[in-house]
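Working through the structure, step by step
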Amino acid sequence: MMLLAIEQGNTNTLFAVHDGADWIAQWRTATESSRTADEYAVWLSQLLSMHDLKLGALDGCIISSVVPQSIFNLRNLSRRYLNVEPLVIGDNVELGMPVRILKPSEAGADRLVNAIGAHLVYPGDLIVIDSGTATTFDVVAADGAFEGGVIAPGINLSLQALHEAAAMLPRIAIQKPERVIGKDTVSNMQSGVFWGYVALIEGLVARIKAEWGKPMTVIGTGGVASLFEGATTSIDRFDPDLTIRGLLEIWRRNTHLKDV
């Protein structure tokens, strides 16, 4: 079995290939909701050729997307070029996990996939922090259930908002400043965004733990999570493979191919 896993966020889309034993290739592209199945196919076939693979070699596909208008094109990519009906999170997929929120249909596909990927590896009650377009804090119970969480603006959104709303503030890159007290405009902004997000993480983790009332392990993942490594003790583990691990497990649960 050669599985194509697609994880689409608001900013980036990850394509990963699993050969039945390991993840053998991963690529990221900017998320563009208007990109057609044919455009995806041209892009993907070129990257596959670098690994001596062809689109026709892929005989399974699973899709997780938070961009509803893109799902049609991704589904067509699988149908037209892989000749398989894809599994789509939130559509024709059984997650095999309890979703204990008021409206389970509102839970983002990415958050549910992360919850499954985390529960597979880490025992006990968990907080999963995903730093992407939004920064999400998801509570996963010891039995694997998704219990809800918190959604905050992502760090890149904060930078963009500062630049667009304040005429005198430039567009800057995210990086850890040497000092908290900045000495010029750029270092002031870098400190506010970086240490502000560290404080956000530490504050929300503390409040979630206090409300939950039991020990919790905190897992960090997502595009900019590595920025905070070494900057806070509130995150116990950094795991960049949470999402694709969750997608593979969901694929197994739905196809019953436990040896994939």
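An account of the accompanying structure is given in this report. As the structure is a computational prediction, the values presented were derived from the model and not from experiment.

Each aromatic ring pair is described using two quantities: the centre-to-centre distance and the angle formed by the ring planes. Within the structure shown, the criterion is met by four aromatic pairs. Pairing Phe-15 with Tyr-40 gives two aromatic rings, centres 5.7 Å apart and planes at 45°, and the pair type is tilted. You can see Phe-15 sitting in strand E2 (residues 12-18) and its partner Tyr-40 sitting in helix H1 (residues 37-49), a full 25 residues away along the chain. As far as the burial class goes, Phe-15 and Tyr-40 line up, both buried. Centroid distance Phe-194 to Phe-228: 5.7 Å. Interplanar angle 35°. Geometry classified as tilted.

Turning our eyes to something else, we now look at the sheet that holds E2. Pairing is mixed across the open sheet formed by five strands, whose spatial order is E3-E2-E1-E4-E5. Looking along the sheet, the strands with just one partner apiece sit at the ends: strand E3 (23-30) and strand E5 (87-88). Bridging between strand E1 (residues 3-8) and E2 involves six bridges; their strand directions are antiparallel. From the neighbouring strand, Gln-8 faces E2, where its bridge partner is Thr-13. Relative to E3, H1 is tilted by about 140°, and along the sheet it contacts E1, E2 and E3.

Take unusual backbone geometry next. Residue Asp-52 is not a glycine yet carries a positive backbone phi of 60°. Structurally, the position occupied by Asp-52 is in the loop between H1 and strand E4 (60-65). For Asp-52, a relative accessible area of 74% translates into the label exposed. Notably, Asn-83 is not glycine yet its phi reads approximately 60°, a positive angle. By secondary structure assignment, the location of Asn-83 is in the loop between helix H2 (68-82) and E5.

Below, the discussion takes up the pattern of salt bridges. Inspection of every chain in the model, using the stated rule, returns 11 salt bridges. Glu-147 is the salt-bridge partner of Arg-100, the closest N and O atoms lying 2.5 Å from each other. Taken as a pair, Arg-100 in the loop between E5 and helix H3 (109-121) and Glu-147 in strand E8 (residues 146-153) lie far apart in primary sequence, 47 residues in all. Overall, Arg-100 belongs to the partly exposed group, its relative accessible area being 41%. Three or more residues joined by partner-sharing salt bridges are found here, namely Arg-100, Asp-143 and Glu-147.

Below, the discussion takes up the environment of Val-193. By the element assignment, Val-193 lies in helix H5 (residues 185-212). Val-193 sits 17 residues away from Lys-176 along the chain, and the two C-alpha atoms are 9.3 Å apart.

To continue, consider the sheet that holds E8. Taken in spatial order, the five strands of this open sheet run E8-E7-E6-E9-E10, and their pairing is mixed. Sheet topology places E8 and strand E10 (237-238) at the edges, where each strand pairs with a single neighbour.

Ranked by internal contacts, the top residues of the largest apolar core, which has 26 residues, are Ile-62, Ile-89, Leu-95 and Ile-250. For this core, the elements supplying multiple residues, two or more each, are E1, H3, strand E6 (125-131) and helix H6 (242-255). Of the residues forming this core, the biggest block, six residues, is contributed by H3.

All right, on to the pairing of E1 then. Burial of E1 is extensive: six of the six residues sit out of reach of the surface. Where burial is concerned, the two faces of E1 agree: the one with Leu-3, Ala-5 and Glu-7 and the one with Leu-4, Ile-6 and Gln-8 are both buried. In textbook terms, the turn of a hairpin is the stretch between consecutive antiparallel strands, and for E1 and E2 this stretch comprises three residues. In this structure, E1 lies alongside E4, joined through six bridges in parallel fashion. Bridging across to E4, Ala-5 finds its partner in Ile-62.

Rules of the game
- Residues numbered from 1 in each chain as written.
- Predicted model: local features only at pLDDT ≥ 70, side-chain atom pairs only at ≥ 80, totals over all residues.
- Heavy atoms only, no water.
- Phe/Tyr/Trp six-rings, centres within 6.5 Å; stacked < 30°, edge-to-face > 60°.
- Helix = DSSP H or I, 4+ residues; strand = E, 2+ residues; numbered from the N terminus.
- Buried < 20%, exposed > 50% of the residue type's maximum accessible area, 1.4 Å probe, protein only.
- Pairing = 2+ DSSP bridges.
- Contact = heavy atoms within 4.5 Å.
- Axes fitted to C-alpha atoms, helices over the stretch in contact; angles between N-to-C directions.
- Salt bridge = Lys/Arg side-chain N within 4 Å of Asp/Glu carboxyl O.
- Core = buried A, V, L, I, M, F, W, Y, C linked by side-chain atoms within 4.5 Å.

Read these as geometric descriptors, not functional statements.
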